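# A structural walkthrough
Residue strings, one per chain:
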Amino acid sequence: MDHKIELKDVGHYFDTPHGRISLFDKLSLSFSGGSTHAIVGPSGVGKSSLLSLAAGLELPRLGEIIFTCDGEQISPVKLRQRSGFVFQQFHLMQELDAIGNIALPLRLNGNKQAYDIAREWLKKINLDDRANHKPTQLSGGEQQRVAIARAFVSNPAFIFADEPTGNLDEATSNNVADLMFDFAKETGSALIIVTHSSALAERADNCFALSEAHLEKIK
Amino acid sequence: MSWIKLALDNFINDSKSSDGRLVILTQITLILFLSTLSLTSASVQQYLDGNLNNMLGADISVSGPRPLSNSDEKLLADKAARIAKVQLTPLAISLRGETIPVQLKITDENYPLQGSLKIGATQNQTIQKTIEHGPPPGEIWLGPRASSKIDADIGDRIAIGEETFRFSAIIYHEPDRLMEGHSVAMRALINGKSLSIEDIKSSKTLYRYLLTATAGQQENIENWASDNLNDFTLLTKASGDHPLALFWQRTENFLGLASVILFFLAAIAIDMANRRYLERQKQRLAVYLSFGQSLASCLRLSLLQWLLGFLLSFLIAIGLAYIAQYFLIAQLAEQFPGITSGWHPATIVKTAGLIFILLLAFQIPMLWQLSRTSLVSLIRAVAYPSAHLLRLFWGFASISLLAAYYSDNFLLTGLTLGALGAALLLMAILSWIVLTAGELWGRKYPGLLSFNFFIMKQRILSKSSQILGLGLCSLLLLFTLMLMKDIGTTMEGYTRANNGNLMVAELQAQDKPVLEDWARRNKSEIRQLRPYAAAKLSEINGLSIDEAISTPSDTLATVKSSIRLNWSNTIPSNNQLVGGKWWSEKEANWNQISAEDEVMTDLGLNYGDQLTFVIDGKATQFKLVASHAFKPGGGSVTFWFQIPERAIEAIKPEVFYMGSMELPDAAWSELGSLWQNHPSLSLVPLKELTQRFDDTLAMITKLVVGYAAMVLIMTALVIAASMKGFEAEDRQKNGLLMSMGVTKKSCVKLALYDWLTVSLIAGIGAISGTWLAGLLIYQSQFSMTYEPDPIWLVSTMLAIGVTVCGIGVIYSRNSLSTSINNLLSD
């Protein structure tokens with residue numbers, strides 16, 4: 001699997017009416033396809049911003065980021081077509097039920113078997129009996145399981161997860177983490193997780209610690 | 001296909017939310033109103049065209065206030081293929097002691113040249129006999145209303161003066177019926193050989209010559225008539241100048257303005273309902289982006305979803321519009337006999353296109369905001385650019401476009417939009433001043449009220465849009481109610497201002513001693529009798545009326561036919577001088593004229609203008625030197641145009657009188673004999689006159705109530721939208737306050753302060769805007785003097801304000817019970 005995201009001497013900051021907020025400077029690292037990666041660090045150092053940059057959602061102020069898929073360099077827009085996301089706040093569509101949420105990416109791509117495939121994924125996350133439940137009728141852990149299935153259902157090259165267990169208790173977090181790492185292995189998708197949890201970071205193939213001073217590869 | 005299915009799913013899901021339903025309901029109401037207006041208008045237009053093509057009774061009609069000279073008539077007959085002569089005159093007819101005034105049509109043996117008449121033997125006959133000629137000599141045909149009023153049966157002998165005629169048929173329709181315009185007079189038809197028409201003189205007599213002619217002949221006749229018959233009106237099928245078209249055009253202008261106002265309200269309601277919808281849509285698009293969808297596809301989906309909403313609203317509204325058209329056309333049947341409702345697909349397509357473009361234009365600011373959607377917003381907070389200014393500008397531009405399309409009265413539209421714009425600016429400035437001052441005051445005096453100002457100031461942008469929305473809505477409602485109230489009062493004023501219980505609408509000079517003698521014998525009192533001559537305005541500053549004036553008005557429609565010209569050396573006791581200089585008795589120059597102030601405004605006349613009147617076939621020029629207005633107290637008879645007495649000595653016209661009498665009860669039964677002996681006497685009992693006004697008033701009231709109902713529905717939608725649109729923010733605020741230990745009662749109090757502040761600013765803006773609109777529009781557009789009634793304005797606004805505050809507080813109370821739970825779940 002020849003997928004890769006390379007950050008070269010990347011620097012990032014925000015300009016606000018009250019002055020400039022610098023996040024990081026001259027940061028270089030790469031996320032290879034088929035592996036799992038974790039970024040850890042205290043609040044406010046720019047972990048989520050680093051994830052946004054890596055996912056091609058924002059352009060870096062300094063340096064460059066190279067996205068490669070199937071051996072070819074691609075644009076951030078193309079990368080997004082090969083990506084999936086898992087959010088801390090789940091961001092399920094409130095008006096759709098569990099199966100509707102999972103089927104949504106497939107339907108957007110015109111897949112006529114969207115609901116059949118979604119039903120398979122519901123089984124994988126052990127929620128096949130909750131197919132027609134709306135997000136408000138699901139617990140936080142259940143919602144995050146649906147969100148994970150939704151991210152993996154279209155078989156993306158990269159999955160970006162922003163604090164996926166940040167809103168969950170320890171037991172549920174473990175369950176959610178199991179699912180993510182199992183699915184990543186099963187589908188071959190690269191998993192890039194931003195987290196506070198050292199337990200979760202431990203499970204990744206590569207781990208980077210981001211601090212105000214610099215980025216350090218700790219695994 | 002899957003995109004359409006997805007857009008449909010999203011649409012159905014959104015329709016389940018109150019915001020979604022509100023937008024659809026607003027769209028349905030708006031489309032319903034505009035489509036009903038267009039459909040009804042198209043039906044009337046089709047009717048008018050159809051009438052003109054099939055029912056003129058000739059190729060050309062030439063009408064004027066005098067008979068043509070023998071040489072002119074011969075010349076006209078030579079130029080045309082065929083000619084028929086018709087005379088219309090108001091007369092009294094009698095049967096068994098009962099006398100009624102009718103509009104008598106005297107026809108010759110050639111009438112009608114084209115088309116046919118419809119007659120019957122009984123009232124309300126559905127199957128009528130079609131016939132190609134008028135009544136034979138010795139017979140009279142009566143209209144259904146006249147025959148029922150005088151209680152005539154076929155075979156009865158109807159008397160006109162001393163002669164009697166056999167009532168042989170009820171006349172239902174004749175081809176040139178509509179030429180008489182919008183008239184409610186009772187009618188009768190008689191053959192010219194039956195009556196010696198030379199004996200009948202009336203200032204209201206109309207002579208009409210119907211002609212058939214080839215295209216070449218028509219052009220020849222038109223040229224000849226424009227050079228030689230400047231007091232005659234020429235109408236051809238080809239020109240399409242229907243007499244009722246102008247009346248309908250004015251109605252359309254008013255309805256056009258009404259549409260603009262309703263569109264404005266709809267724009268506010270949709271904008272407010274879209275506030276929350278926008279948030280949901282942004283989140284939806286961000287999630288779609290996280291699946292790798294491009295922004296363009298997401299926007300396309302959003303647009304498709306909106307389109308489905310439009311289609312649904314359109315289908316429902318069009319169905320309802322056809323039903324509404326059916327009922328409206330039934331109401332209009334009295335003004336347009338024989339009118340039917342129709343499908344008018346081209347009109348519907350045109351209207352749908354216009355509404356589609358405008359509603360789409362309302363979506364553009366939202367699409368612009370949606371195009372800024374970022375996936376990053378799902379990871380961390382992102383500040384989206386505010387589109388307040390864009391929305392405001394776009395809304396105003398769309399409304400102006402609609403106004404330009406619908407109304408051809410740019411001044412009225414400009415003044416309305418100007419007043420709205422000024423009120424908007426005032427409310428925006430007031431919002432800033434009140435909230436800033438309130439917040440500064442609150443720093444010194446902490447408490448709930450100061451907290452209210454603080455929190456409102458923090459949310460000034462969203463609060464201002466709520467204030468502006470409610471303010472504009474109240475303004476439009478207030479202005480509509482005020483206009484309707486004042487038009488009603490003005491009309492009632494006209495009705496009741498007549499003194500005496502019998503109006504003498506017209507009296508020939510030779511009948512004056514007869515009337516005076518009759519009054520003496522019957523102990524009746526002649527309150528007023530003022531002389532006048534029949535005159536027709538033919539030119540203004542050397543230009544024909546059509547060339548000189550392009551803005552339609554009731555006044556213009558009236559001056560196009562014969563008017564009454566009065567003379568007086570001094571200003572009459574029931575008139576006052578408004579401007580210019582009234583002539584003196586000694587002045588030798590009698591070519592001077594004074595016009596009523598409202599007439600000057602409507603016709604756009606200025607002092608110094610040269611007005612040419614044709615009096616008894618002779619053109620005379622007058623210089624406009626003064627303007628006068630009615631002053632109550634000195635009798636109700638007043639004239640639009642007045643000239644010096646010396647002018648009458650010079651012109652020597654046929655003199656008529658009009659005035660009023662007070663009859664004791666016993667005299668009424670004697671009136672019939674007077675009328676029978678002098679059938680050209682035009683007398684109208686006040687009761688009947690009141691009835692006519694009441695009928696007109698009832699029609700206007702119906703229109704007004706219907707329109708006010710539409711404004712009320714739209715206002716209710718705006719209020720609902722403004723409450724729902726801010727529900728989330730209010731709930732969050734209340735939840736936070738209650739979690740800090742603030743009691744429910746205090747939260748309700750806070751909501752009350754909030755609504756009171758909003759209502760106060762909106763109320764001041766609405767009252768100021770209404771006052772400004774009244775000042776700008778009343779005089780120039782409705783010829784009414786604007787006398788603001790501050791007590792009515794403030795009390796009506798208070799009623800609106802209390803209702804809004806009441807609903808707002810009740811709504812807040814309901815949302816309080818779930819606030820903390822919601823906050824926790826949020």
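Residues numbered from 1 in each chain as written. Chains lettered and ligands numbered in written order. Predicted model: local features only at pLDDT ≥ 70, side-chain atom pairs only at ≥ 80, totals over all residues.

## Thoughts on the overall build of chain B
Worth spelling out the cut-off: In this description a helix means any DSSP run of H or I spanning at least four residues, a strand means any run of E spanning at least two, and both kinds are numbered starting from the N terminus. Here a residue counts as buried when 20 or more other C-beta atoms sit within 10 Å of its C-beta, as exposed when there are 12 or fewer, and as partly exposed otherwise, the C-beta atoms being derived from the backbone. Our contact criterion uses C-beta atoms placed from the backbone: two residues qualify when those atoms are within 7 Å.
Looking only at helices and strands, one finds 23 helices and 22 strands in chain B. Burial analysis of chain B (826 residues in total) assigns 42% to the buried set. For chain B, the proportion of contacts with a sequence separation of at least 24, taken over those separated by at least 6, is 85%.

## So, the overall build of chain A
From N to C terminus, chain A includes seven helices and ten strands. Here chain A, with 219 residues, has 47% of them falling under the buried criterion. Counted over contacts in chain A with a minimum sequence separation of 6, partners at least 24 positions apart contribute 69%.

## Some thoughts on the nonpolar core
Heads up, the rule is: For our purposes the nonpolar core covers buried Ala, Val, Leu, Ile, Met, Phe, Trp, Tyr and Cys residues that link as a set through C-beta atoms within 7 Å.
The biggest cluster of nonpolar side chains holds 98 residues, and the ones touching the most others in it are I93, W141, L142, A188, L211 and L565 of chain B. In terms of residues, this core owes the most to one element, strand β2 (residues 82-95) of chain B, which gives eight residues. Discounting chain neighbours no more than four positions away, the residues touching L565 of chain B are Y532, A533, A535, F613, I615, F641 and I643 of chain B. Among the nonpolar cores identified, the runner-up in size contains 82 residues, and I39, A149, L168 and L191 of chain A belong to it.

## Description of the interface of chain A and chain B
One frequent convention defines the size of an interface as the accessible area lost when the parts assemble. As a reminder, the rule being used: For this classification, the nonpolar set comprises Ala, Val, Leu, Ile, Met, Phe, Trp, Tyr, Cys and Pro, the charged set comprises Asp, Glu, Lys and Arg, and every other residue, Gly included, is treated as polar.
Tallying the contact residues gives 22 residues for chain A and 16 residues for chain B. Contributing elements (two or more residues each) for the side of chain A that touches chain B: α1 (47-54), α2 (76-81), β6 (83-86) and α3 (98-108) of chain A. Ranked by residue count, the leading element in the side of chain A that touches chain B is α3 of chain A, at four residues. Each residue belonging to the side of chain A that touches chain B can be placed in one class, and the counts come to nine nonpolar, seven polar and six charged.

## Some details on the pairing of strand β1 (residues 4-16) of chain A
Residues and elements named next belong to chain A. The following threshold applies: For two strands to pair, DSSP has to find at least two bridges joining them.
As paired elements, β1 and strand β2 (residues 19-32) share ten bridges and run antiparallel to each other. Residue I5 lies in a different strand from β2, and its bridge partner there is F31. The loop that links β1 with its antiparallel partner β2 comprises two residues.

## Some remarks on the sheet that holds strand β9 (residues 206-210) of chain A
Residue and element names in this part refer to chain A. Heads up, the rule is: The axes used here are C-alpha line fits, helices contributing only the stretch in contact, and every angle between their N-to-C directions lies in the interval 0 to 180 degrees.
A sheet is described by the order of its strands in space; here six strands give the open sequence β6-β7-β8-β3-β9-β10, paired in mixed fashion. The outermost strands of the open sheet, each flanked by one partner alone, are β6 and β10 (215-217). Pairwise comparison of adjacent strand axes, ignoring direction, gives a mean angle of 15° for this sheet. Sheet topology places strand β7 (residues 158-162) next to strand β8 (residues 190-195); five bridges connect them, and they run parallel. Note that in β8 the partner of F158 across the bridge is A190. Relative to β8, α1 is tilted by about 160°, and along the sheet it contacts β3 (36-40), β7, β8 and β9.

## A word on unusual backbone geometry
All names here are of chain B. Put simply, Y111 and P112 share a cis peptide bond, and its omega is -10°. With respect to the helices and strands, the residue P112 is situated in the loop between β3 (98-107) and β4 (117-120). Of note in the backbone geometry, D616 takes a positive phi value of approximately 50° without being a glycine.

## Focus: helix α4 (residues 114-124) of chain A
All names here are of chain A. Inclusion rule: The arc refers to the directions leading from the helix axis to the C-beta atoms.
The set of residues buried in α4 consists of A114, A118, W121 and L122. The arc that holds the buried residues of α4, viewed along the axis, is 105°, so those residues lie on one side. Among the exposed residues of α4, those oriented more than 90 degrees off its buried face are D116 and K123. Contacts from the buried residues of α4 go to α3 and α5 (140-152). A positive phi of about 55° marks N126, the residue just after α4.

## Considerations on the environment of V614 of chain B
Residue and element names in this part refer to chain B. Within the element layout of this structure, V614 appears in strand β18 (residues 610-615). On the neighbour-count criterion, V614 (22 C-beta atoms within 10 Å) is buried. Separated by 78 residues in the primary sequence, V614 and K536 place their C-alpha atoms 5.1 Å from one another. When sequence neighbours within four positions are dropped, the list of residues in contact with V614 reads N230, D231, A535, K536, S538 and A619.

## Considerations on the packing of helix α7 (residues 295-332) of chain B against helix α8 (residues 345-370) of chain B
Residues and elements named next belong to chain B. Our working rule: Left-handed describes a crossing whose near helix is turned anticlockwise from the far helix by less than a right angle; the clockwise case is right-handed.
The interhelical angle for the contact between α7 and α8, taken along N-to-C directions, is 145°, at an axis separation of 11 Å. Along this stretch, α7 crosses α8, giving a crossing that reads as right-handed. Of the residues in α8, those touching α7 at L299, S302, W306, F310, F314 and I318 are I348, A352, F356, L359, Q363, L367 and L370. Residue composition of the contact of α7 with α8, grouped by class: eleven nonpolar, two polar and no charged.

## Digging into the environment of N522 of chain B
With respect to the helices and strands, N522 of chain B occurs in the loop between α13 (512-521) and β13 (525-540). Aside from chain neighbours lying at most four places away, what touches N522 of chain B is A667 and E670 of chain B.

## Some words on the packing of helix α3 (residues 70-79) of chain B against helix α5 (residues 215-228) of chain B
Residue and element names in this part refer to chain B. Quick reminder of the rule: When an angle is under 35 degrees it counts as roughly parallel; over 145 it counts as roughly antiparallel; between 65 and 115 it counts as roughly perpendicular; any other value is oblique.
One way to put it is that α3 packs onto α5 with a least axis distance of 10 Å and a crossing angle of 160°. Judged by the angle between their axes, α3 and α5 are roughly antiparallel. α5 is crossed by α3, and the crossing has right-handed handedness. Judged by residue contacts, D72, L76 and K79 of α3 engage Q217, N220, I221, W224 and N228 from α5. By residue class, the composition of the contact of α3 with α5 is three nonpolar, three polar and two charged.

## With respect to the confidence of the model for chain B
Residues and elements named next belong to chain B. Applicable threshold: Per-residue confidence from the predictor is given as pLDDT, running between 0 and 100.
For chain B, mean pLDDT is 81; residues scoring 70 or higher make up 85% of the total. By mean pLDDT, helix α23 (residues 819-825) is the weakest element of chain B at 50, and strand β20 (residues 641-643) is the strongest at 93. For this predicted complex, the interface confidence reaches an ipTM of 0.81, while the overall pTM sits at 0.66.

## A look at the pairing of strand β10 (residues 206-212) of chain B
Residue and element names in this part refer to chain B. Of all seven residues in β10, six are buried, a share of seventy percent or more. Pairing of strand β1 (residues 60-64) with β10 involves five bridges; the strand directions are antiparallel. Bridged to V62 within β10 is Y209. As paired elements, β2 and β10 share seven bridges and run antiparallel to each other. Looking across to β10, one finds that L88 is bridged to L206.

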